[in-house]
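# Secondary and tertiary structure notes
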Amino acid sequence: MSVLDDLLARADARSAQRLHSVRDARRTARRKLPAVVFDYVDGAADDEVTMRRNEDAFGSVAFRPRMASGLVEPRLGVTVLGKEIDFPVLLAPCGLVRLLHADGPAGVARAAASRGTVSVLSTVAGSPVEAVASESKAPLWFQLYSAAGLREADSLCDRAAAAGVDVLMVTVDTPTLGNRERDVRHGVAPPLRVDAHNAVPLGVQVLARPRWAAQLASTGIRLSSRGAGPAGHGSGLLSSVASPFSWDDVAHLRSRWEGRLVVKGVLSGADARQAVGAGADAVVVSNHGGRQLDGAPATLQALPGVVAAVGGDAEVLIDGGIRRGSHVVAALALGARAVLIGRPYLFGLASAGELGVERVLDILRAEMRRTMVLMGCPSVDQLGLDWLDVPRT
Ligand SMILES: Cc1cc2nc3c(=O)[nH]c(=O)nc-3n(C[C@H](O)[C@H](O)[C@H](O)COP(=O)(O)O)c2cc1C
């Protein structure tokens, strides 16, 4: 390890220790990243109404605790698609993860494994699935986008399977890219495209974050006129994520994929049934963190309808707006088997690399444990509607 690497690693260790909540991680990420990169992560579509709805929905949940339970150590482990995980929080697929810290997607996968859970690698994370699988040596799920149609999708699936991935997640809420207005205002839509018009203001932002710039140089990622992407990958990655998958396409992928299949991005019971009909083993109730259709409902609000429609025919996961361990408990009480987080771990990664992701997972786990003890609930298996104070009308 070079002296510079050593210094950077020590700085990350110090930064990680200073994080005490997801909000701290967001604040630190904002300090460490150029504004254009922070806004790429933090922002959402149009007026960001749906993103706010996701978070606000958790504020309307009231628990119904049971006192004097004598409980000290609640059980947090669950089985998701046949895999036992230590607590019910997975890391959602996110594009351009490599841009946030040199530890990149492999660091994220290692952090998840070290905390007994899994991360989902996005097609456009910034590193090929083979590299992440071999660098991290951690279990990995793979999320599929394919702008070029089913032939490209089939080939991406074959590569993921050959790299040892056994769970495929197909995202169905991105037939076109949402209007990420912060990226538009920075002049970099599709995300992080650099041209003659924005090069100077972006250059100033990057110069103000020299440590981040040094790390970026070490990853080989280039900001280019076609969007951000790894050098040598050809086109800018995020200009090509739009994936107009149909339910027939999902059924086609199901017929070829030998492992478990997850459909990400449903918000209604009817669509969840379509996913199950196409062969999904699990669905993720998700509105892409508010980055696609602004005006879509909060995921927590959509969850009960999906759980009721699916019955026991598939597992139901949820993401969007989860910032506290108590939010995980609320989602499970409303019928989710587990949750995924996006921005919280990206903020951890930007704050302190792999250590920052571990720290965010530790924070959520500690908060979740405390919530369960304070509620007197001995195990996540037992969470259900009777642990919530449902408003009477
Ligand atoms: C920066 C960023 C990039 C994302 N990229 C992808 C992606 O490549 N594929 C995908 O299915 N979802 C993507 N998402 C959505 C996440 O998987 C997840 O649904 C969302 O972040 C959950 O909301 P949260 O950020 O409030 O936790 C992205 C989200 C963010 C914040």
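See the structure above.
All values reported here derive from a predicted model rather than from experimental measurement.

### Describing the environment of Ser69
Structurally, the position occupied by Ser69 is in the loop between helix H4 (49–59) and strand S1 (78–80). Sequence spacing of Ser69 and Gly376 is 307 residues, and the spatial spacing of their C-alpha atoms is 5.3 Å. A distance of 3.1 Å separates a polar atom in the side chain of Ser69 from the backbone nitrogen of Leu71.

### Some remarks on the site of the ligand
Close contacts around the ligand come from 25 residues, with Pro93, Ser122, Thr171, Asp319 and Arg323 the closest. Gly95 places a main-chain nitrogen or oxygen 2.8 Å from a nitrogen atom of the ligand. A distance of 2.7 Å is found between an oxygen atom of the ligand and a side-chain nitrogen or oxygen belonging to Asp319. Contact with the protein chains removes 98% of the 600 Å² of surface that the ligand exposes when unbound. Contributions of two or more residues to the shell around the ligand are made by helix H3 (35–42) and helix H15 (343–375). Here the element with the most residues in the shell around the ligand is H15; it accounts for three residues. Grouping the constituent residues of the shell around the ligand by class yields 10 nonpolar, 10 polar and five charged.

### Comments concerning the packing of helix H12 (residues 269–277) against helix H13 (residues 299–310)
It is the contact of H12 with H13, at a shortest axis distance of 8 Å, that shows an interaxial angle of 40°. By the angle between their axes, H12 is oblique relative to H13. In terms of crossing hand, the pair formed by H12 and H13 is right-handed. Counted together, Gly269, Ala272, Arg273 and Val276 of H12 and Gly305, Val306, Ala309 and Val310 of H13 form the full contact between these two elements.

### Side note on the packing of aromatic side chains
Overall, the coordinates contain one aromatic pair when judged by the stated rule. When the centroid spacing of 5.9 Å and the interplanar angle of 25° are considered together, the rings of Phe38 and Phe347 count as stacked. With Phe38 in helix H3 and Phe347 in helix H15, the pair connects residues that are 309 residues apart, well separated along the chain. Take Phe38: its relative accessible area is 2%, and that puts it in the buried class. Classification of Phe347 as buried rests on a relative accessible area of 3%. The side chain of Arg66 reaches across the aromatic face of Trp387, ending 3.7 Å from its centre. A cation over an aromatic ring shows up here: Arg291 above the ring of Tyr40, its NZ or CZ 5.2 Å from the ring centre.

### Notes on the packing of H3 against H15
Helix-helix packing: each pair is described by the crossing angle between the helix axes and the interaxial distance. Direction vectors running N to C along H3 and H15 enclose 155°, while the axes themselves pass 10 Å from each other. Accordingly, the angle class assigned to the pair H3 and H15 is roughly antiparallel. Residues Phe38, Val41 and Asp42 of H3 form the contact with H15, whose participating residues are Arg343, Leu346 and Phe347.

### Remarks on helix H11 (residues 247–256)
Spacing of three or four residues puts side chains on the same side of an α-helix, whose turn is 3.6 residues. Of the positions making up H11, those classed as buried are Asp249, Val250, Leu253 and Arg254. Around the axis of H11, the buried residues are gathered within 145° of arc, so they sit on the same side. Opposite the buried face of H11, by more than 90 degrees, sit the exposed residues Asp248 and Ser255. Structurally, H11 contributes buried residues whose contacts are with strand S5 (140–144), helix H7 (150–162), strand S6 (167–171) and strand S9 (260–266).

### Focus: the pairing of S5
The side chains of a regular strand alternate, first on one face of the sheet and then on the other. Burial within S5 is extensive, with five of its five residues counted as buried. When strand S4 (residues 119–122) meets S5, the two strands line up parallel, connected through four bridges. Note that in S5 the partner of Val120 across the bridge is Trp141. You can see the chain leave S4, run along helix H6 (residues 129–136) and come back into S5, and the turn it takes is right-handed. Direction of pairing for S5 relative to S6: parallel, over a ladder of four bridges. Residue Phe142 lies in a different strand from S6, and its bridge partner there is Leu168. Read as a crossover between parallel neighbours, the route from S5 over H7 to S6 is right-handed.

### Some words on the nonpolar core
Trp141, Phe142, Leu144, Ile341, Tyr345 and Leu383 are the most contacted members of the largest nonpolar core, which totals 116 residues. For this core, the leading source of residues is H15, giving 13 residues. If near-sequence neighbours (up to four positions away) are discounted, Ile341 is found in contact with Val89, Leu90, Leu91, Ala92, Ile322, Val360, Leu361 and Leu364.

### Here's the deal with the pairing of strand S12 (residues 338–341)
Of the two faces of S12, the one holding Ala338 and Leu340 and the one holding Val339 and Ile341 are both buried throughout. Bridge analysis of strand S11 (residues 315–319) against S12 gives three bridges, and the strand direction is parallel. Directly across from Asp319, in S12, lies its bridge partner Leu340. Between S11 and its parallel partner S12, the chain crosses via helix H14 (residues 325–333), and the hand of that crossover is right-handed.

### Things to note about unusual backbone geometry
Trans peptide bonds make up the majority, and among non-glycine residues the majority have a negative phi. Phi is positive for Leu96, which is not a glycine, with a value near 60°. For Leu96, the location among the structural elements is in the loop between strand S3 (89–91) and helix H5 (104–114). According to the relative accessible area criterion, Leu96 is buried, its value standing at 0%. For His288, which is not a glycine, the phi torsion comes out positive at approximately 65°. Taking the relative accessible area as the measure of exposure, His288 reaches 14% and is therefore buried.

Definitions and cut-offs
- Residues numbered from 1 in each chain as written.
- Predicted model: local features only at pLDDT ≥ 70, side-chain atom pairs only at ≥ 80, totals over all residues.
- Heavy atoms only, no water.
- Helix = DSSP H or I, 4+ residues; strand = E, 2+ residues; numbered from the N terminus.
- Polar contact = N/O pair within 3.5 Å; in protein donor to acceptor, adjacent residues only side chain to side chain.
- Near = heavy atom within 4 Å.
- Areas by Shrake-Rupley, 256 points an atom, 1.4 Å probe, with all protein chains shown as cover.
- Nonpolar A, V, L, I, M, F, W, Y, C, P; charged D, E, K, R; others polar.
- Axes fitted to C-alpha atoms, helices over the stretch in contact; angles between N-to-C directions.
- Parallel < 35°, antiparallel > 145°, perpendicular 65-115°, else oblique.
- Left-handed = near helix turned anticlockwise from the far one by under 90°.
- Contact = heavy atoms within 4.5 Å.
- Phe/Tyr/Trp six-rings, centres within 6.5 Å; stacked < 30°, edge-to-face > 60°.
- Buried < 20%, exposed > 50% of the residue type's maximum accessible area, 1.4 Å probe, protein only.
- Lys NZ or Arg CZ within 6 Å of the ring centre and 35° of its normal.
- Arc of directions from axis to C-beta.
- Pairing = 2+ DSSP bridges.
- Right-handed = clockwise from strand over helix to strand, strands pointing away.
- Core = buried A, V, L, I, M, F, W, Y, C linked by side-chain atoms within 4.5 Å.

None of the figures reported here should be taken as evidence of function without further support.
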